[in-house]
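Listed here are the chains, written in short residue letters.
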Amino acid sequence: MLVTGGGRGIGAATAQLFAGEGAKVAVSDLDEGPAQEVAGPIGGLAIACNVSDRGQVESMVARTVKELGRLDVLVTCAGIIRDNLIYKMTDDDWDSVIDTHLKGTFLCAQAAQKHMVENKYGKMVFLSSTSALGNRGQTNYAAAKAGLQGMARTLAIELGPFNINVNTVAPGFVETRMTKATAERMGVDYEAFKLGAASQIPLRRVGQPEDIANVIAFLCSDESGFVSGQNIYIRGGP
Ligand code: NAD
């Protein structure tokens, strides 16, 4: 399996969970350092790759197939936020978020599907977000995360005949560097930020990366073999 953005947060937890269940894992991230930190202890393959660059994505997928033997599972976790209210959002805020999430996932899915179609087997899970439903200050991110759900539904239709399942998961608040960065930008203490978020969540806690990894693993398992083109919100409530 190949996980992008696997050097931290949800991607790292997913790589660790899959490796624990016996999968051969390629951990990819922008820089090799974080990817290696996760891949090393699980005997995985670390690959530096900027997912918004076609050449880098194609060589990442080629290297994964060459070194792991095949590619059955793609999980796209690479992500960034560049929050701003619409009147302050720059072209760069827009382009960098759209390029990372939407173009990045498109490029990874396109490169991966070639191998999956040949093998008549594949599982793809893309990271959407509750922000797909709309979130103040996230015109770019919300559009990207809603777009990923449409992309998954479309790929589920196109690739279903080749026994490839494509789904999205849409987390709410998860304790990772991403939500820490949001607290920092707002000038709020992270512990207070988490408590505030938890008070709004029916299950009265924020999510952990493992909460998301577990659902991703389910969507890549035989038990969910008839589930495709779906999105699962993982937010401690409806
Ligand atoms: P994180 O910041 O801990 O991890 C994201 C990783 O993506 C980082 O290691 C980063 O280096 C990597 N990355 C960024 N740009 C990249 C690029 N161009 N190419 C390759 N790698 C790149 O964040 P996380 O919280 O683990 O987020 C993982 C995914 O889950 C993201 O897509 C994020 O949007 C989504 N998500 C997170 C939350 C949350 O609350 N944390 C909620 C909903 C969705």
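Residues numbered from 1 in each chain as written. Predicted model: local features only at pLDDT ≥ 70, side-chain atom pairs only at ≥ 80, totals over all residues. Heavy atoms only, no water.

Some remarks on the packing of aromatic side chains
Part 1 of the reasoning: With the rule as written, the count across this model stands at three aromatic pairs.
Part 2 of the reasoning: Through a chain of ring-to-ring contacts, the aromatic side chains of Phe173, Tyr190 and Phe193 assemble into a single cluster. (Phe/Tyr/Trp six-rings, centres within 6.5 Å; stacked < 30°, edge-to-face > 60°.)

Comments concerning the packing of helix H3 (residues 54–68) against helix H4 (residues 91–119)
Part 1 of the reasoning: Put simply, H3 and H4 touch, their axes get as near as 9 Å, and they point 35° apart. Taken as a pair, H3 and H4 cross one another with a handedness that is right-handed. Mapping the contact onto sequence places Arg54, Val57, Met60, Val61 and Val65 in H3 and Phe106, Leu107, Cys108, Gln110, Ala111, Ala112 and His115 in H4.
Part 2 of the reasoning: Looking at the contact of H3 with H4 residue by residue, the classes come out as nine nonpolar, two polar and one charged. (Axes fitted to C-alpha atoms, helices over the stretch in contact; angles between N-to-C directions. Helix = DSSP H or I, 4+ residues; strand = E, 2+ residues; numbered from the N terminus. Left-handed = near helix turned anticlockwise from the far one by under 90°. Contact = heavy atoms within 4.5 Å. Nonpolar A, V, L, I, M, F, W, Y, C, P; charged D, E, K, R; others polar.)

Thoughts on helix H6 (residues 177–186)
Part 1 of the reasoning: Among the residues of H6, Thr179, Thr182 and Ala183 are the ones counted as buried. Seen along its axis, H6 keeps its buried residues to an arc of 95°; they face one direction. Of the exposed residues in H6, the ones pointing more than 90 degrees away from its buried face are Arg177 and Glu184.
Part 2 of the reasoning: As for H6, its buried residues are in contact with helix H7 (190–199).
Part 3 of the reasoning: Residue glycine 187 follows H6 closely and has a positive phi angle near 70°. (Buried < 20%, exposed > 50% of the residue type's maximum accessible area, 1.4 Å probe, protein only. Arc of directions from axis to C-beta.)

Things to note about the site of the ligand
Part 1 of the reasoning: Lining the immediate environment of the ligand, one finds 28 residues, of which Arg8, Ile10, Asp29, Tyr141 and Thr176 sit closest.
Part 2 of the reasoning: In the model, an oxygen atom of the ligand is placed 2.6 Å from a nitrogen or oxygen of the aspartate 29 side chain.
Part 3 of the reasoning: Side-chain polar atom of lysine 145 to an oxygen atom of the ligand: 3.0 Å apart, as the coordinates give it.
Part 4 of the reasoning: In isolation the ligand offers 830 Å² of accessible surface; the protein chains occlude 96% of this area.
Part 5 of the reasoning: Counting only elements with at least two residues in the shell around the ligand, the list comes to helix H1 (9–20), H4, helix H5 (139–159) and H6.
Part 6 of the reasoning: Among the elements that line the shell around the ligand, the one with the most residues is H6, at three residues.
Part 7 of the reasoning: Looking at side-chain class alone, the shell around the ligand contains 13 nonpolar, 11 polar and four charged residues. (Near = heavy atom within 4 Å. Polar contact = N/O pair within 3.5 Å; in protein donor to acceptor, adjacent residues only side chain to side chain. Areas by Shrake-Rupley, 256 points an atom, 1.4 Å probe, with all protein chains shown as cover.)

Fair warning: the whole summary comes from geometry, so function is off the table for now.
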